[in-house]
Amino acid sequence: MSLVLDAAAQDLLFREARTANSFSDEPVTDEQIQAIYDLVKYGPTAFNGTPLRITLVRSAEARERLVNLMSDGNKAKTAAAPLVAILAADNEFHEEFDTLLPHYPAVKGFFTERPAREAFAARNAMLQAAYFIVGIRAAGLAAGPMTGADLEGISKEFLDGDHSALMVVNIGKPGEGAWHDRSPRLSYDEVITTV
């Protein structure tokens, strides 16, 4: 194997990790989420843009509002998870380029039109969402990412007009019966082409 990451870490992050469908009652702390974010914020994005925004849904009232916007198959899982996060794209991310890319002030000019910002924000926030899910695994927790929801409704209910909901992620220690059997994956030869 030519990977530097040891086998146990590979298993934790990828081979043994799966989408969790149930969780224990053990709470997920703000300190755990901060540690996860402080690790995954270093994942690469275009122009060092960081459009991902995370809303932690902790109150019972907010959880009920969110559950009502989930697809039927995701309502119970979202209601029972110790912590739920709404992952969104900030469509005004370009305002932070003075801080995030100070050596290239012209970059802001690429994003004067809202459609260009929305496309960039969605692509790069999804990259960051993937890093966030791997970070959850690195913290010894399980993630249940879901797009089965009224994302437009979630945006209106929880976010402002500059943010677009991308997914909801249930977070916690896996509970009883958390895993389905591993589904197949495509092989190297089915995915990789050399030209």
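Anything mentioned here points back to the structure above.
Thresholds, definitions, all that
- Residues numbered from 1 in each chain as written.
- Predicted model: local features only at pLDDT ≥ 70, side-chain atom pairs only at ≥ 80, totals over all residues.
- Heavy atoms only, no water.
- Helix = DSSP H or I, 4+ residues; strand = E, 2+ residues; numbered from the N terminus.
- Polar contact = N/O pair within 3.5 Å; in protein donor to acceptor, adjacent residues only side chain to side chain.
- Contact = heavy atoms within 4.5 Å.
- Phe/Tyr/Trp six-rings, centres within 6.5 Å; stacked < 30°, edge-to-face > 60°.
- Buried < 20%, exposed > 50% of the residue type's maximum accessible area, 1.4 Å probe, protein only.
- Salt bridge = Lys/Arg side-chain N within 4 Å of Asp/Glu carboxyl O.
- Arc of directions from axis to C-beta.

Q: An account of the side chain of Asn21 is requested, with residue identities and associated values reported.
A: Along the chain, Asn21 falls in the loop between helix H1 (7-15) and helix H2 (30-40). Within the local environment of Asn21, its side chain forms a polar contact with the side chain of Lys77, the two groups lying 3.3 Å apart. Here the side chain of Asn21 touches His180 through a polar contact of 3.1 Å, side chain to side chain. Setting aside chain neighbours within four positions, we find Asn21 in contact with Lys77, Ala178 and His180.

Q: Summarise the packing of aromatic side chains; cite the residues concerned and give the values.
A: One pass over the structure, following the stated rule, counts 11 aromatic pairs. Ring centres 5.2 Å apart and planes at 75° place the aromatic pair Phe93 and Phe111 in the edge-to-face group. With Phe93 in the loop between strand E2 (83-90) and helix H5 (97-100) and Phe111 in the loop between H5 and helix H6 (114-138), this residue pair connects regions lying 18 residues apart in the sequence. Phe111 shares its class with Phe93; the two are buried. For the pair Phe111 and Phe120, a centre-to-centre distance of 4.8 Å together with 65° between the ring planes defines the contact as edge-to-face. The class for Phe111 is buried, based on a relative accessible area of 5%. In this structure Phe120 comes out as buried when scored by relative accessible area, which is 5%. The structure contains a cluster of three or more aromatic residues connected by ring pairs, namely Phe47, Phe93, Phe97, Tyr104, Phe110, Phe111 and Phe120.

Q: I'd like a description of the pattern of salt bridges, backed by residues and values.
A: Enumeration according to the criterion identifies 14 salt bridges in this entry. When the shortest N-O distance is used, the salt bridge between Arg65 and Glu157 registers 2.5 Å. Linking Arg65 in helix H3 (residues 60-67) with Glu157 in helix H7 (residues 151-158), this pair joins segments that are 92 residues apart in sequence. The salt bridge partner of Glu92 is Arg117, with a shortest N-O separation of 3.0 Å. With a gap of 25 residues between them, Glu92 in the loop between E2 and H5 and Arg117 in helix H6 connect regions that are remote in the sequence. Across the pair, Arg117 and Glu92 agree in class, each one buried.

Q: Which residues make up H2, and what values go with them?
A: Among the residues of H2, Ile33, Ile36 and Val40 are the ones counted as buried. In an axial view of H2, the angular spread of the buried residues amounts to 60°, which keeps them on one side of the axis. Exposed residues lying more than 90 degrees from the buried face of H2 are Glu31, Gln34 and Leu39. Tucked into the core, H2 has its buried residues touching strand E1 (52-57), E2, H6 and strand E4 (163-172).

Q: How would you sum up the environment of Tyr104? Please name residues and give values.
A: Locating Tyr104 in the fold gives a position in the loop between H5 and H6. Its relative accessible area of 32% is what places Tyr104 among the partly exposed residues.

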